[in-house]
Amino acid sequence: MTKLVIVGGVAGGATAAARARRLDERARILVLERGEYVSFANCGLPYYIGGVIKKREDLLLSSPQIFKERYNIEVRTQAEVTALDRAAKAVEVKDLRTGAVYREAYDKLILSPGAEPVKPPLPGIDLEGIYTLRSLPDSDRLKARLDADPVQSAVVVGGGFIGLEMAENLARRGVQVSIVEMLDQVLAPLDFEMAALVHRQLRRQEIRLVLADGLKSFDRRDGRLVATTRQGREIACDLALLAIGIRPESGLARAAGLKITERGHIWVDQTLRTSDPDIYAVGDAVRTLDFVTGLPTVTALAGPANKQARIAADNALGRRSLYRGSLGTMAVKVFGLTVAASGPNEKTLTRAGLPYLVSYTHSDSQAGYYPGGQEMAVKLLFSPGGGRVLGAQIVGGPGVDKRIDVLAAAIRAGLTVFDLEELDLAYAPPYSSAKDPVNIAGYVAANLLRGDLENVYPTDLEKLDPDRDVVLDVRSKVELRLFGRIEDSVNIPLPQLRERLPELDRSKRYIIYCAVGYRAYLAYRILVQNGFEARNLSGGFATYGPAFD
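Residues numbered from 1 in each chain as written. Predicted model: local features only at pLDDT ≥ 70, side-chain atom pairs only at ≥ 80, totals over all residues. Heavy atoms only, no water.

A. Looking closely at the overall build of the protein chain. Counting its secondary structure elements, the protein chain contains 15 helices and 33 strands. For the protein chain, whose C-alpha radius of gyration is 27 Å, the value lies close to the compact-globule estimate of 24 Å for 549 residues. When its C-alpha atoms are laid out on the principal axes, the protein chain stretches across 90 × 60 × 45 Å. Looking at the 549 residues of the protein chain, the share that counts as buried comes to 53%. (Helix = DSSP H or I, 4+ residues; strand = E, 2+ residues; numbered from the N terminus. Rg over C-alpha atoms; globule rule 2.2 N^0.38 Å. Buried < 20%, exposed > 50% of the residue type's maximum accessible area, 1.4 Å probe, protein only.)

Pasting the structure below:
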């Protein structure tokens, strides 16, 4: 009879335990969890603080009693594993309630230690009123502060998932929020021009963005916190939330002599086995591989942690399973926008040395004649040869989550942009157009590969040759007045283009743009078939404006 000991609960450990029981009714399974709760919805914490989730108990997904009754699994909470004796195949456990220390033997061990919030050693970092958010007790402390006294302003340090979700939920409670982010953009999984759409939304909601400027220190003046940035900005606030990032809790594994990566993550192979053949590891503390690039990566998301937990349990109990890598598929809500991505971004593909092409499309979430539709911006990254889909990013309203899931499946299945053209996706006016945004992304990308279109990108505009290149705007005069224009561009509305071809200079190259790219594509086809050299500005003014105007 196998004895399986699992260190840590929540997404990784709790899932591994339940999977192990389904595989082996006779195995003895023991979960040791340092915290008070074996399984809770840490992704729901910002929404509990913001009042969207009303009841604290709704965040509690399971309990030791449920594990015992449903799975015959023993769960010990407030049981901290303090040491790992690999030679004796035993862990040392401290009961945090009583202080008693004891040893627990194992046949197989699964580590799911998770990660802890980064708290840099900066001046004033331990002052009262500075919070982190990783656990239920963290949320209790922050919510109690918000409930007890009026909070007028807050500084959120970090523009990742937690930072943006907390910014929205603090704003929901009437708090004026400033976000301080060291990078020049929020949400690192996005490329800059897609993140710029998020920046615009945040500013519209009166969130103050302090980008490309990290935190230097905190101090207290006149009873208020003051956050000082590296560039000398001072932001007074009533409280601050550190959402800088997370650090893997790999100390136990390191002390036991397991292989640890340079960044402090536990090394595992595709079976999730560590450098010890009887020990497996899952979740935020492990280094896995990127599904597309094949390079080492870290994916601190609940979905991959759950999948890894199932695979680790399989292998620990003798059923061979492989974890083939992470796509990092994500979605986050930002004040009515849905922001989503799957697969590597441009920065990652460049580091990996993988060639790629890019297309931008802007599509309505549903039929244009059906009320309530919203535009979604889709960025597709694909290989220049066969058009294999490598990555995708989408920012928009309803339906973004559906489309990113389709594209995530396409990446996992090795589909090409030509396959996207042919996908038979659900259509009804409230949900989509007959040509779904995923199909449209496929059409545009396939046009590039077939040679029906040549693109330039917003970053290329600063490299244009003023003696050769002419930027041609084919929007209407009304659009120019309402939305602005690219500097020094020439305006010929699309309906007038054919009759005004004699005005154009055949020695020039025309860089064409419209609002989102479709009319510019039509203009491109007109010009090249009439002997002109032309390029289309991918994504049009809707992509260019927020990031570069």
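Moving on from the coordinates now.
B. Representation of the side chain of Thr-416 in the model. By secondary structure assignment, the location of Thr-416 is in the loop between helix H10 (400–413) and helix H11 (417–422). Judged by relative accessible area, Thr-416 falls into the buried class, the value being 18%. Separated by 3.2 Å, the side chain of Thr-416 and the backbone nitrogen of Phe-418 make a polar contact. Apart from residues lying up to four places away in sequence, Thr-416 is in contact with Gly-386, Gly-387, Arg-388 and Val-389. (Polar contact = N/O pair within 3.5 Å; in protein donor to acceptor, adjacent residues only side chain to side chain. Contact = heavy atoms within 4.5 Å.)

C. Summary view of the packing of aromatic side chains. Here the structure, examined in full by the defined rule, presents seven aromatic pairs. For the pair Phe-541 and Tyr-544, a centre-to-centre distance of 5.9 Å together with 40° between the ring planes defines the contact as tilted. Taken together, the residues span about one helical turn, with Phe-541 and Tyr-544 both in helix H15 (residues 540–548) at a distance of three residues. Judged by relative accessible area, which is 11%, Tyr-544 ranks as buried. An aromatic cluster is defined as three or more aromatic residues linked by ring pairs; in this entry it consists of Phe-192, Tyr-513, Phe-541, Tyr-544 and Phe-548. (Phe/Tyr/Trp six-rings, centres within 6.5 Å; stacked < 30°, edge-to-face > 60°.)

D. Expanded view of the packing of helix H1 (residues 10–23) against helix H8 (residues 302–316). Where H1 contacts H8, the axes come no closer than 8 Å and their chain directions differ by 35°. For H1 against H8, the interelement crossing comes out right-handed. Residues Ala-11, Gly-12, Thr-15, Ala-16, Arg-19, Ala-20, Arg-22 and Leu-23 of H1 form the contact with H8, whose participating residues are Ala-302, Ala-305, Asn-306, Ala-309, Arg-310, Ala-313 and Asp-314. (Axes fitted to C-alpha atoms, helices over the stretch in contact; angles between N-to-C directions. Left-handed = near helix turned anticlockwise from the far one by under 90°.)

E. Expanded view of the pattern of salt bridges. Using the criterion set out here, one finds 39 salt bridges in the structure. Across the pair Arg-56 and Asp-140 runs a salt bridge whose closest N-O atoms are separated by 2.8 Å. Taken together, the residues Arg-56 in the loop between helix H2 (45–49) and strand S4 (60–62) and Asp-140 in helix H4 (residues 136–148) connect sequence positions 84 residues apart. In this structure, Lys-108 engages Asp-278 in a salt bridge whose closest nitrogen and oxygen atoms are separated by 2.7 Å. One end of the pair, Lys-108, is in strand S9 (residues 108–111); the other, Asp-278, is in the loop between strand S20 (266–267) and strand S21 (279–281), with 170 residues separating them in the sequence. (Salt bridge = Lys/Arg side-chain N within 4 Å of Asp/Glu carboxyl O.)

F. Main features of the nonpolar core. The biggest cluster of nonpolar side chains holds 94 residues, and the ones touching the most others in it are Ile-179, Val-198, Leu-202, Leu-380, Leu-497, Ile-512 and Leu-527. With near-sequence residues (within four places) excluded, Ile-512 lies in contact with Leu-472, Val-474, Ala-520, Ala-523, Tyr-524, Leu-527, Ala-534, Arg-535, Asn-536 and Leu-537. Counting residues in hydrophobic clusters, the runner-up holds 48 residues, among them Val-7, Ala-20, Ala-79 and Val-286. (Core = buried A, V, L, I, M, F, W, Y, C linked by side-chain atoms within 4.5 Å.)

G. Molecular detail of the sheet that holds strand S14 (residues 208–210). Strand order in the open sheet formed by five strands is S11-S18-S12-S13-S14, with parallel pairing between adjacent strands. Each having just a single partner strand, strand S11 (130–132) and S14 make up the two edges of the open sheet. Averaged over neighbouring strand pairs, the angle between their axes works out to 20° when direction is ignored. The sheet contact formed by strand S12 (residues 153–157) and strand S18 (residues 239–242) spans four bridges and is parallel. Each bridged residue has a counterpart across the sheet, and for Ala-154 the counterpart in S18 is Leu-239. Of the strands in this sheet, S12, strand S13 (176–180) and S18 are in contact with helix H5 (residues 161–172), which crosses S13 at around 165°. (Pairing = 2+ DSSP bridges.)

H. Highlighting the packing of helix H6 (residues 192–204) against H15. It is at 8 Å that the axes of H6 and H15 come closest, and there the two elements cross at 75°. By the criterion of interaxial angle, the relationship of H6 to H15 is roughly perpendicular. Residues Phe-192, Glu-193, Ala-196, Leu-197 and Arg-200 of H6 form the contact with H15, whose participating residues are Ala-542, Thr-543, Pro-546, Ala-547 and Phe-548. In terms of residue class, the contact of H6 with H15 is made up of seven nonpolar, one polar and two charged. (Parallel < 35°, antiparallel > 145°, perpendicular 65-115°, else oblique. Nonpolar A, V, L, I, M, F, W, Y, C, P; charged D, E, K, R; others polar.)

I. A look at the pairing of strand S25 (residues 337–342). Most of S25 sits out of view: six of its six residues are buried. Side chains of S25 alternate between two faces, with Leu-337, Val-339 and Ala-341 and Thr-338, Ala-340 and Ser-342 buried alike. Summarising the sheet, strand S24 (residues 330–334) and S25 pair through five bridges and their orientation is antiparallel. Across the sheet, residue Met-330 finds its bridge partner in S25, namely Ala-341. Counting the residues between successive antiparallel strands, the hairpin from S24 to S25 contains two residues, one of them, Phe-335, with a positive phi of roughly 50°. Here S25 pairs with strand S28 (residues 389–396) via five bridges, running antiparallel. Following the sheet pairing, Ala-340 is matched in S28 by Ile-394.

J. A look at the environment of Val-470. Within the secondary structure, Val-470 sits in strand S30 (residues 469–473). Here the alpha-carbon distance between Val-470 and Asp-401, two residues 69 residues apart in the chain, equals 38 Å. In contact with Val-470, not counting residues within four places along its chain, are Val-490, Lys-508, Arg-509, Tyr-510 and Ile-511.

K. The arrangement of the environment of Thr-361 in detail. Along the chain, Thr-361 turns up in strand S26 (residues 357–364). When its relative accessible area of 5% is taken as the criterion, Thr-361 is described as buried. Considered as a pair, Thr-361 and Gly-517 are 156 residues apart in the sequence and their alpha carbons are 7.1 Å apart. For Thr-361, the contacting residues outside a window of four places in its chain are Met-376, Ala-377, Val-378, Ile-440, Ala-441 and Val-444.

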